[in-house]
Amino acid sequence: MRLSAVLAPRDREFFDLFEEAGGNIVRATDLLEQMLRDFPDRSGLARDILICEQEGDRITHDIIRRLNETFVTPIDREDIYALASALDDVVDFAEEVADYLGLYKIEAPMEQGQRMAEVLHQAGRQIAEAVPRLRGFQDISHYTVEINRLENDGDRIVREAMAALFDNGIDPMVVIRWKDIYERLESAIDATEHVANILEGIVIKNS
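Given the structure is predicted, the values throughout are model-derived calculations rather than measurements.

Residues and numbers for the pattern of salt bridges, please.
In this structure the tally under the stated criterion is 20 salt bridges. Between R37 and E33 there is a salt bridge, and its shortest N-O distance comes to 3.6 Å. Of this pair, R37 and E33 both sit in helix α1 (residues 3-37), 4 residues apart, which is roughly one turn of the helix. Owing to a relative accessible area of 45%, R37 belongs among the partly exposed residues under this scheme. Residue classification places E33 among the buried residues on the basis of a relative accessible area of 13%. Note that D38 and R42 form a salt bridge whose closest N and O atoms lie 3.9 Å from each other.

Got a sec to walk through empty space enclosed by the protein? Specific residues and values, please.
Under the counting rule described, the total for this entry stands at 1 cavity of 30 Å³ or more. One number sums up the size of the largest cavity: a volume of about 60 Å³. As for the largest cavity, its lining consists of A21, N24, G56, I59, T60, I63, A84, L87, D88 and V91. Listing elements by their share of the lining of the largest cavity, those giving two or more residues are α1, α2 (45-69) and α3 (77-103).

Explain the packing of aromatic side chains residue by residue, including any values.
Applying the stated criterion across every chain yields a total of 2 aromatic pairs. Ring geometry for Y100 versus Y104: centroids 5.2 Å apart, planes at 65°, classification edge-to-face. On the basis of relative accessible area, Y104 is assigned to the partly exposed category, the value being 22%. Between W178 and Y182 the ring centres are 5.4 Å apart and the planes differ by 45°, which places this aromatic pair in the tilted class. Separated by 4 residues within a single helix, W178 and Y182 lie in helix α6 (residues 172-206), roughly one turn from each other. Each member of the pair, W178 as well as Y182, carries the same accessibility label: buried.

Can you break down α2 residue by residue, with the values?
For α2, which comprises 25 residues, the first-to-last C-alpha distance of 36 Å matches the rise-based estimate of 36 Å (1.5 Å per residue) to within 8%. Residues of α2 that are buried include every one of L45, I49, C52, E53, G56, I59, T60, D62, I63, R66 and L67, and no others.

Tell me about the packing of α2 against α3, and please be specific about residues and values.
Taken N-terminus to C-terminus, the directions of α2 and α3 make an angle of 170°; their axes are 9 Å apart at the nearest point. By the angle between their axes, α2 is roughly antiparallel relative to α3. Here α2 and α3 pass one another in a crossing that is left-handed. Contacts from A46, I49, L50, C52, E53, G56, D57, T60, I63, I64 and L67 of α2 reach α3 at R77, I80, Y81, A84, D88, V91, D92, A94, E95 and A98. Along the lines of polarity and charge, the residues of the contact of α2 with α3 split into 13 nonpolar, 2 polar and 6 charged.

A description of helix α4 (residues 111-130) should follow, citing residues and the corresponding values.
Along its 20 residues, α4 runs 29 Å from first to last C-alpha, staying within 8% of the 28 Å computed at 1.5 Å per residue. Every buried residue of α4 is accounted for by Q112, G113, M116, A117, V119, L120, H121, A123, G124, Q126, I127 and A130.

An account of unusual backbone geometry is requested, with residue identities and associated values reported.
Of note, the amide linkage connecting F39 to P40 takes the cis form, showing an omega dihedral of 5°. Tracing the chain through its elements places P40 in the loop between α1 and α2. For K105, which is not glycine, the phi dihedral falls at a positive 50°. Topologically, K105 is positioned in the loop between α3 and α4. Judged by relative accessible area, K105 falls into the exposed class, the value being 68%. Phi angles above zero are rare outside glycine, and F137 is one such case at about 50°. With respect to the helices, strands and loops of the structure, F137 is situated in the loop between α4 and α5 (141-167).

How each quantity is defined
- Residues numbered from 1 in each chain as written.
- Predicted model: local features only at pLDDT ≥ 70, side-chain atom pairs only at ≥ 80, totals over all residues.
- Heavy atoms only, no water.
- Salt bridge = Lys/Arg side-chain N within 4 Å of Asp/Glu carboxyl O.
- Helix = DSSP H or I, 4+ residues; strand = E, 2+ residues; numbered from the N terminus.
- Buried < 20%, exposed > 50% of the residue type's maximum accessible area, 1.4 Å probe, protein only.
- 1 Å grid on protein atoms, 1.4 Å probe; cavity = no way out; pocket = protein on both sides within 12 Å on 5 of 7 lines; lining within 4 Å.
- Points joined across faces, edges and corners; volume = space filled by probe spheres on them.
- Phe/Tyr/Trp six-rings, centres within 6.5 Å; stacked < 30°, edge-to-face > 60°.
- Expected span 1.5 Å × (residues − 1).
- Axes fitted to C-alpha atoms, helices over the stretch in contact; angles between N-to-C directions.
- Parallel < 35°, antiparallel > 145°, perpendicular 65-115°, else oblique.
- Left-handed = near helix turned anticlockwise from the far one by under 90°.
- Contact = heavy atoms within 4.5 Å.
- Nonpolar A, V, L, I, M, F, W, Y, C, P; charged D, E, K, R; others polar.

As far as function goes, none of this settles anything; it's purely spatial.
In C-alpha cells, the structure reads:
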C-alpha cells in the first residue's frame, strides 16, 4: 500500500477540523452581529455564542489530540498548532464581547459597536471561505487581501468609537465599559487577520 493512502485519512481529519473551526467562527460572529444589532432584545444570544466558544475549544482539543497521535502530518506541526489556536482566538474574543455586554448591564448598543461586529462577521466569512483551499494549497490571496481591508476598516471604526466616547460628555462608567467592549471587538478583528497571515504562510510554504 502506498504511504499516501495510509496518511490520507489523517490528512483529511486535520482539514475537516479546520473547516469546522471556520464554520464555527461564522456562526459565532453572525450571532454577535445579530446580538448587537438588536440589543438588548437579543441578549439571550450570548448563550448561543458561549456554546460556539465551547465548540471551538472542542475542535482545538481534537486537533491537538490528533497532532499528538499522528507521526506524519500534512503540514508542519507548528503551523497546525498556530492555525488551531488562531481560529479559536476569534471565537474566544467574540464570546468575551457578548459576555461583557451582560456583565456591564449595557442598556443600548453603540452604533460603532454594531459596525465593528458587522466587520468581524464579514472577516469571519472570508476565513471560512479560505480554509477549504488549504487542502490543495490553492491561492488564497483574494481572501487575505479582503481580511486585511476589513481589519483596516475595523481600526478606523474603533478610532472613531473611542473619540466619540470622550467627545460627548458620556458618563465615565459608560466610557470605561464601552472602551472594554471596543477593545475586545478590535482584538477579535485583529485575530481574523492573524488567521489570514498564518493561512497565507502555510500556502506559500507548501505550494
